[in-house]
Structures are given as structure tokens and as C-alpha cells.
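Listed here are the chains, written in short residue letters.
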Amino acid sequence: MRRPPKETEQAAGLVTRRGVVLGGLQLGFMGLLGLRMRQMQVTEADSYRLLAEENRINMRLIPPSRGIIYDRHGIAIAQNAQNYRVIIVREDVEDVDETIAKVRRLVDIEDRQIERALREMNRRSPFVPITLADQLSWDDIAELSINAPALPGITPDVGLSREYPLGVDFAHIVGYVGPVSDRDLAQLQTPDLLLQIPEFQIGKIGVETKLESRLRGKAGTRRIEVNAGGRVMRELSRDDYTPGQDLQLTIDHGLQNYAQARLSTESAGSVVIDVETGDLVAMASAPSFDPNLFVRGISSKDYDGLRNNDYKPLFNKTVQGVYPPGSTFKMMTGLAALRAGVIGPGERVWCPGHMTVGRRRFHCWKRGGHGWMNLDDAITQSCDVYFYEAAQRVGIDKLAELCHEFGLGERHDLPLSAIEEGLIPTTKWKARMRDEPWLPGDTLNSAIGQGFVLSSPLQLAVMAARLATGREVKPRLVKSADGLELPVADMPPLNISSSQLRMIQKAMWNVSNGRRGTARRSRIVAEGLEMAGKTGTSQVRNITAAERARGVTRNDQLPWNRRDHGLFVAFAPYDKPKYAIATIVEHGGGGSSAAAPPSRDILLYALYGDVPPLEAYPEDQRERISAMHEEMDIRPRLKPETKPSRA
Amino acid sequence: MTYLVNQVRTVPTGLRKVLFVNWPIALLLTAVACVGFLMLTSVAGGEVDRWAERQMKVFAVGFLLMLAVAMVPIWFWRSISGLAYLFAFGMLIVVETSGVVRMGAQRWVDLGVTVFQPSELMKITLVMALAAYYDWLPLQKTSRPLWVIPPVLLTLVPTALVLKQPDLGTAILLLAGGGLVMFCAGVSWWYFVAVIAGGLGLIYAVFASRGTDWQLIKDYQFRRIDTFLDPSSDPLGAGYNITQSKIALGSGGWTGKGFMQGTQSRLNFLPEKHTDFIFTTLAEEFGMVGGMSLLVLYGLIVFFCVLSASQNKDRFGALLTLGIAATLFLFFAVNMSMVMGLAPVVGVPLPLVSFGGTAMLVLLAAFGLVQSAHVHRPMTR
């Protein structure tokens, strides 16, 4: 088909016109694209840049190292030990099961740990390192390192984990740390992001939890670049963590060890306080447990063993245990009567062996009675009737007032778990709590530290310290924090005349040293170190009239948990008091036989600063004491390796 | 033959033809391809052999293919246009019946040595067929309804086949490509006005069909449209591509983050970073300067094509040149609109830059046709 040239020209012209129009449209659209690019890359660039940064950058926390806890001489009680672990990275491992089997041929790992690791592995991305086993020995790590080339994806690693080198001695004071539980998180109002880190540990009981905020420190941060899958590509910057504050406790590790060891066969608690500063130098609660078990995750068998033990090893008897103080309370009754002027300093009271109030007869522990008793005699021989009389005269409310001044019924604020307030009853208290009127008999029971009265060894030690000094001694447990000494609290004098106080002190001296003293056997004979004390025996059962008639059953014939508690409070040296002590031996029988001897021994250690020389003991006891020390598991005193203050 | 009406003797012969090749277009194509090599190296984290090397080899082969096609007289290509169309059409049928399914779509034919996408070939053969048709059709019949039907069918039938694969991007390109050639051929404006109105009606129908038995497009295509309309509705799901792509592009700023410094692409936030979304890496690493440069390169190619077509008295050659330029334009315009969030994600590569053998070879062969039309154009005196 031929076409005339004219048509060809016409067609070409049309195509050219349309082509130019189309080209123009295309150019227009390109202009639109250019404008869009300008809008995004220039006008809105900043917001997109921010989004890109958010995509790219992730913050990771660096857990801080926990503060170290030292004793008063700089011996580490709680420290961070290297924890050797095996880490597995799934994506680097060819066959997970086979690799784990190979590792287990080299290192002993429990099934439970493997299961946990496998579960974790399935949950996480393949590049996340998972702990296969921890708390390994150096030998295990060495073995793994040698075989590392044959085990791709397996890395031996070292982390920090809490360690309590003194084991059982400080279990109740320092407590332990453990992994963060959901309950822990629920209790916190402003949860620290750190708590979200798996394997992060926080204090669970004792100083570890009460001073958690000081010990924990502040997390550092790492700004890291991540890709879309979450894999860490590189570290962009790092803000190092602030380590937790180191703490120095007032406890003397040697004395604590001695007290624990001395009481270890009993269910007992003992508190030693420095009367000049209020420093608690020992707070022993026996039996104890190894806090390291809890850090590693205690087995249910071990835990049940601790829980079902009659001696309650998990229970801190020094602050958590409250007991009727028994006769150790009599100084309060006597002092209250003296202060109120209702009983003269030398006034005598006849003890026939009982007192009848209303239709009830209240017995003295001595069936035949003590005869004429003044305050000094009454304390020395622990006559009950004298104090029945004194309490009746002074009244329960005035007595309670004095008790609070001496720290009984007071919750001394210490960084310890489950501190009990005890109880000093008043008429108001009984009306409020029991909706019953106060009976004269209640006063009599209270007068000898029975009935409603409850106090903890800590409170009794504070009472003894205040009796020794006449000042408001305030107990404290933390000596310095972060290398700075904490000031000793102001100790104003108590509202007691020194002559009246001296009478009580003298009577307590007689208890320990007098011819008829109930604790004479547990005296200190070293010159200038004499002890003044008071025994106490508190009943945990009612003695019926019938039983009394046929003769009270002796303690050693009763089952253990029905025997009396033995108590003892004391201070020494008598002339220039330095330490006060309170000891409870649960179901130990009488105070003079169960609580006074260990108290004396512990006080002597405190006074000498080491295992006391035999010269301090009465001559006839030296052989037995020596044998006892031989048998006891006493750790020699430790020397501080580094200064407790941070370098 | 229209060509013979003009003066054949003015057309160069033998090796002299090489001098008459449209070198600006050849150089611009090479420049665009080089941008591609650079970006493919960047997204591979500096590894040349990952994608860039293969792309270079394909380009070298494609460039020679372009020159070879250019040396063959344009009247030969005109004469085989119908056959080429039928061949591509046949291949599309083969894909439909026995194609290889990859990534959920049946687009590839296994040729033994390599897999091949017939729909890529179809884009060019459709342009050839339409150009030949209008070259054959007397001018006064161009806008007559009866004579409008054949080119419409030539366009719609392969479009439907491709849509069925399913490949929405290529279908749009075929439809638009066919339409643009018809527009250049001089078909009356009114047809286009009617088609655009009809198209809007169809879009309405598509949306109206949603959830009914006669749903016209697949659910994932609906989701892509939703995502396009509001990417933030599903930032980690279907909207992820668009959101991340916009972040990459926007964060580039004026001059970009520098070669291989694009955090979005290097850290794998970008999807399909070596294929459909490669422009975002360019815009992220070289900023608006880099993005505009590529846009200008493409624009210059289109400009030189229009210039060449306007000087060409041969109707077939001119239409072919304009049609291929329009195809190139559609490729990059749709791709860039998509990554800038102006169009839904439809899976259209960036021509000569995105990694992909078939597309590159076909496009270079198509520019061989443009060159042939240029070399053999009847000179106007």
C-alpha cells in the first residue's frame, strides 16, 4: 500500500505533536516526583531521620556490680564472685542436641538446667546467647576451653554472682539475693528497668533487701545499632554503670562466728551491743542456714528440710522472735517502782512463796518463799512476790512508760527483715485489743515478764545497754556506707536518777557475782571485766494447781517444745560498761543454766576481741571451757584484704 | 511501504551505521546502569560479586544486543512485529499452563539454562505490534471506532493474561503502554476521556466487589491498596514495606548518609532492597541530589527519544520510539511513586537499576529498536 507523501507528512506531524504532548505530560509527572522527593527529603527530613534513628538504635542496660558488704573490720560478708558459665548460641550450633550431649560428656550438667536452657532457646531468636549451665568450676571451664574448637556455638563465659564467704554466720543479718519474682515487681511502685534483665538478682531478705537501693547501684547503658531482626551490629556508645555502694556493718565477724558456734546446738538467739555507740556487734540466731544455697536456687528437698526443722533455722530469733522476757523484766518493774517512789530503796517486802489477788494465788518460783526481801535481794534471787508487790503499787501504765523508755515494745529501726515490735501491755491496750478490763492479776503476770509481755532479744539487749549507761542507747547495724562513716546517734540521758540506776546495776552485779546470785556460775573472774546480769525463765505452758500440788515437773522430763525458755541479759565490764548482751535459748530450761553460760562466753569474746583466755573463767570451769572451745567450730579471725572504702 | 516513499539512499549503510547510533541515549542508558551497579554493591554491603557483577555482565550482553538490534534495518523489525507479538503471546499462554511458580506467582518460563518472564517481552512486542498497526492503518481511519477495536484487543488480552498470573504491576504497564502508543498514533482525545471515566468506574466496581462472591482482585491486593491508603494502619505487617521505605527515603535529606552508610538498607529494615526498593537506598545514601540526578538521567533519555521521534518521518519508527520511551517512563514513574508512597506497592522494578536479567535484556533490546529507528530514519532535508 502506498501512501501519498502529503499524508505521510501529516501523519508524522501528528505523531510529533502527540509525542511532544506526551513528553510534556511525562516531564510534568517527573516534576511531581521531584517535588515529592523534596517534600520528603528536605521539608520532612528531620522527622524521617528521627524515625530512622529509632529503628536503628536500641538501648541496652549494663547491670551494675552490687555493693559489697563488710563487717566492722572490713572483712567481706557478701561479695561478687566470678560465676563461670557455658553460653550457647543456637545459630552457631549445627545440631543442638548433639552439641549439648558433647558438652555434657565434658561437664556435669543437671537435666533441669538443660530443659530450662532448651525452653529459653525456643523462645528467643537464634542469635541470643543462652546460659546452658552456671556455677561451674574452673576445671570445667578449662576443659571446655580446650575443646572449644570442636564445639562451635559454645562459649565459656564469666559473670558475677553474689557470694557469702562466711556462709551461715550472717544468713539472718545479711540475708541473700535471688532472681526477681513477679511478686517483687508487683510490690515496687517505680520499677527499675534493671529488674527486667533476666538473671538479675535483688535482695530477698535482711540487709540485702532492706538496703537494696544503696547496694544495687545504677545501670549503665549501651547504645547499640540493631538490624531489623534485632541482631546487635555494633556498639555506638556506652555509659558505664555506677556500682552499688559498699556497706560496712557494725558486726564483728569473729564475734558473730563465735556466738553462732556457741549457740549452734540450741534453738537460740543472742544480741551483743556496744553500749557506747549502739553498734550491734553480734546478732546470732541459731541454727542458721547457708545463704549461698538460695543464691544458686535451693532444691526443694533442702528447702523443706529447713522449713520443717523444729529449731526453725530460717527464723531470725534476734528480731523476729518475741518471747515473754521472764525475770529479765524485773529490773523494769523495780526501777518503775523506785522512780514512782512507791517503794523505798531499802524497803523490805515479805515473800511467803505466793501472793493472793482476788481469788487467784500467784506463786513465787521458790515454793517456801524468800522471806524478807529488799530490791537488791529480790533481783539477785529473782523473788517474784517482791515484784508482784512493786508492780501493784506502781501500776501497769507507769511501768509500760518506763519500758518504752528502755526500748521495750519499741520497733528499733534496723535494716533487717520481719522485725517484731513485741508487746508492753497497758490498760488501754487490753481494752482496745481484747475488749476486756485490765485485771489486777494481769499486772502481777506482767511484773515478772510473763502474761502479755513480749520482747525480742534485740529489745532486751537495748534494755541492758540502757541500764548499763543510763542513756538512750540506739542500736545500729550500718557503720559506714560508700566509704563514709555514719554518725553515731545522739544518746540523751534517760529520766532516771543515777542512784536508783546504780541500785539496779549493783543488784545485777550480785546476780552474776553475789553469793546467792542466780547466775553466779556464769561469772567472769578476770579483774575489771566483771559482768552484771539477770537471768530469766519464761514458761511456755500453764502450770495447773494439780501439777503444783504434786510438784512442778522438771524441765528435762518434758518434751523439748514444752520446756521453759531460758533468758539472760547482761553487761560488762561492770565498772565501765562496754558491751551488753541478751540471749534467749528456746526451750532451754532455766535462764541460769541455759542462757547465762553462752552469754558470758560471748561477752568475754567481745571484751577480749578473740577467743577469751581461760583465766577469765572461774577456776573449776576452765577445763570444761577449754574442751568446749576445742570442740567448737571457731573460725580464726580474718584479716581484711583491702580497705573497705572504694579505691 | 511508507518507508520507501522516503529517500532510502539517505540512510547510512554498513559500518557507517555505528556513527549514526543515538549515542546520547546509549550513554545515558550506561550511566543509569552504572548507578544500578553502585547501588547493588551498596546493598550487598560492599560485595561486588553478590549482585553487581552479574548485573554488569547482563548489561554488557544487553548493550551489545542493543547495538546488534540497531544495525538491523527498522523495516525488518516492522515486518516481524506481528510475529514477535504472537511469539510473546504464545509464551504467556505457556506460562499460564505450565509456568514455574515463584513467590506465589506464575510468571516464569523455564528455558533450561535460565528462567524467563514472557510478560517482560510482551511489554515491548505490544508496542511494536501497535506501532506496526498504526503504520499500516490509513491516517483518516485512526479514530474510527472499528479501527480502534483491534489495538484495544491487542492490549487487553495480554493484560488480562498477566493479571491472572497475577502480576498487577506488569498489567498496569501493559495497559498504560498500549494506551500511550494509541495516544501518540493520534487516536481521538475523546476515547481517552471515556476510558479514564470508565477506569474510575471500574475502580469503584473493584471496591464494591470486596467481600462479595464476584470479588475482582485478590485479598492481598486489597490489603496492599489499604496499606497504600494508610500505611500506618499496619506498620509491622503489610504496611512495613512502605513505612520503612519512606523512612529510608526521607532520612536521606539533601545529600544523603554517604555510600554504604544507609542505615535503613544496611540494617535490613528495607524490603526487596536490591530489586523493587533499590531507589530508596539511592535516596537514603545520596539524598535528594542523588535521587534527582537519576530522575534527570531518565528524563533525558525520554527527551532524546521524543527528539528522535519528532525528527523521524517514518511513522512506525516514531511510534516505536515514543512507545518504548513511554514504557521506560511508566517503569520508573510507577516504581518511584510506589517507594515514595504515592502509589500502592505493585512490584515494578526500577529500569536498568533493579537487579534482574530479563527486564534489563528486554529493555536494552527495546532501546536497540529505538536506535534502529534512529539510525534508519528517513532524513528530512
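Before going into details, it helps to say that this report is about the structure given with it. (Residues numbered from 1 in each chain as written. Chains lettered and ligands numbered in written order. Predicted model: local features only at pLDDT ≥ 70, side-chain atom pairs only at ≥ 80, totals over all residues. Heavy atoms only, no water.)

What follows is about a nonpolar patch on the surface. Residue and element names in this part refer to chain B. A grouping of L146, I149, L153 and V157 is seen on the molecular surface, where their side chains present a nonpolar patch of about 370 Å² in accessible area. Note that I149 resides in helix α7 (residues 145-163). A relative accessible area of 46% places I149 in the partly exposed class. (Patch = residues over 30% accessible without salt bridge, like charges linked within 9 Å, V, L, I, M, F, W, Y side chains within 5 Å. Areas by Shrake-Rupley, 256 points an atom, 1.4 Å probe, with all protein chains shown as cover. Salt bridge = Lys/Arg side-chain N within 4 Å of Asp/Glu carboxyl O. Helix = DSSP H or I, 4+ residues; strand = E, 2+ residues; numbered from the N terminus. Buried < 20%, exposed > 50% of the residue type's maximum accessible area, 1.4 Å probe, protein only.)

Residue and element names in this part refer to chain B. Mapping F59 onto the fold places it in helix α4 (residues 52-71). Overall, F59 belongs to the buried group, its relative accessible area being 7%. Residues F59 and C34, 25 residues apart in the sequence, show an inter-C-alpha distance of 9.5 Å. For F59, the contacting residues outside a window of four places in its chain are L29, T30, A33, F37, M360 and L364. (Contact = heavy atoms within 4.5 Å.)

Residue-level contacts link 64 residues of chain B with 42 residues of chain A. Regarding the contact of chain B and chain A, the summed buried area is about 4500 Å², with carbon and sulfur atoms giving 69% of it. Where chain B touches chain A, the interface holds zero salt bridges. The interface formed by chain B and chain A includes seven residue pairs in polar contact (both at pLDDT 80 or more). Taken together, the elements giving at least two residues each to the side of chain B that touches chain A come down to α1 (2-5), α6 (118-136), α8 (168-185), α9 (189-208), α11 (240-251), α12 (263-266), α13 (278-310) and α14 (315-339) of chain B. Counting residues per element, the side of chain B that touches chain A draws most heavily on α13 of chain B, at twelve residues. (Buried area = accessible area lost by both parts, 1.4 Å probe. Polar contact = N/O pair within 3.5 Å; in protein donor to acceptor, adjacent residues only side chain to side chain.)

A separate point is the packing of aromatic side chains. Overall, the coordinates contain 28 aromatic pairs over all chains when judged by the stated rule. Plain terms: the ring middles of F37 of chain B and F59 of chain B are 6.0 Å apart, the flat faces sit at 75 degrees to each other, and that makes the pair edge-to-face. Here the residue F37 of chain B occupies a position in helix α3 (residues 23-43), and F59 of chain B occupies one in helix α4, the gap between them amounting to 22 residues. Take F37 of chain B and F59 of chain B: they sit in the same class, and that class is buried. Relative to F63 of chain B, the ring of F59 of chain B has its centre 5.7 Å away and its plane inclined at 40 degrees; by these criteria the two rings are tilted. Taken as a pair, F59 of chain B and F63 of chain B lie in helix α4 at a separation of four residues, close to a single helical turn. Here the basic side chain of K578 of chain A rests over the ring of Y579 of chain A, its NZ or CZ set 5.7 Å away from the ring centre. In this structure, R50 of chain B is placed above the aromatic ring of W51 of chain B, and the distance from its NZ or CZ to the ring centre is 4.5 Å. (Phe/Tyr/Trp six-rings, centres within 6.5 Å; stacked < 30°, edge-to-face > 60°. Lys NZ or Arg CZ within 6 Å of the ring centre and 35° of its normal.)

Let us now look at the sheet that holds strand β21 (residues 579-585) of chain A. All names here are of chain A. Spatial ordering of the open sheet is given by β12-β11-β21-β20-β19, a layout of five strands whose pairing is antiparallel. Sheet topology places β12 (280-286) and β19 (532-538) at the edges, where each strand pairs with a single neighbour. Averaged over all adjacent pairs, the angle separating strand axes in this sheet is 5 degrees, with direction ignored. Relative to the sheet, helix α19 (residues 457-469) contacts β11 (268-274), β12, β20 (565-572) and β21, its axis offset from that of β21 by approximately 150 degrees. (Pairing = 2+ DSSP bridges. Axes fitted to C-alpha atoms, helices over the stretch in contact; angles between N-to-C directions.)

This part takes up helix α10 (residues 253-263) of chain A. Because each turn of an α-helix spans 3.6 residues, side chains separated by three or four positions end up pointing in the same direction. Residue and element names in this part refer to chain A. With respect to burial, α10 is a largely interior element, eleven of its eleven residues being buried. Within α10, the full set of buried residues consists of H253, G254, L255, Q256, N257, Y258, A259, Q260, A261, R262 and L263. Of the surrounding elements, those touching the buried residues of α10 are α6 (171-174), β11, β12, β21, α22 (591-608) and α23 (622-631). Of the residues that open α10, the one with a side-chain oxygen 2.7 Å from the backbone nitrogen of G254 is D252.

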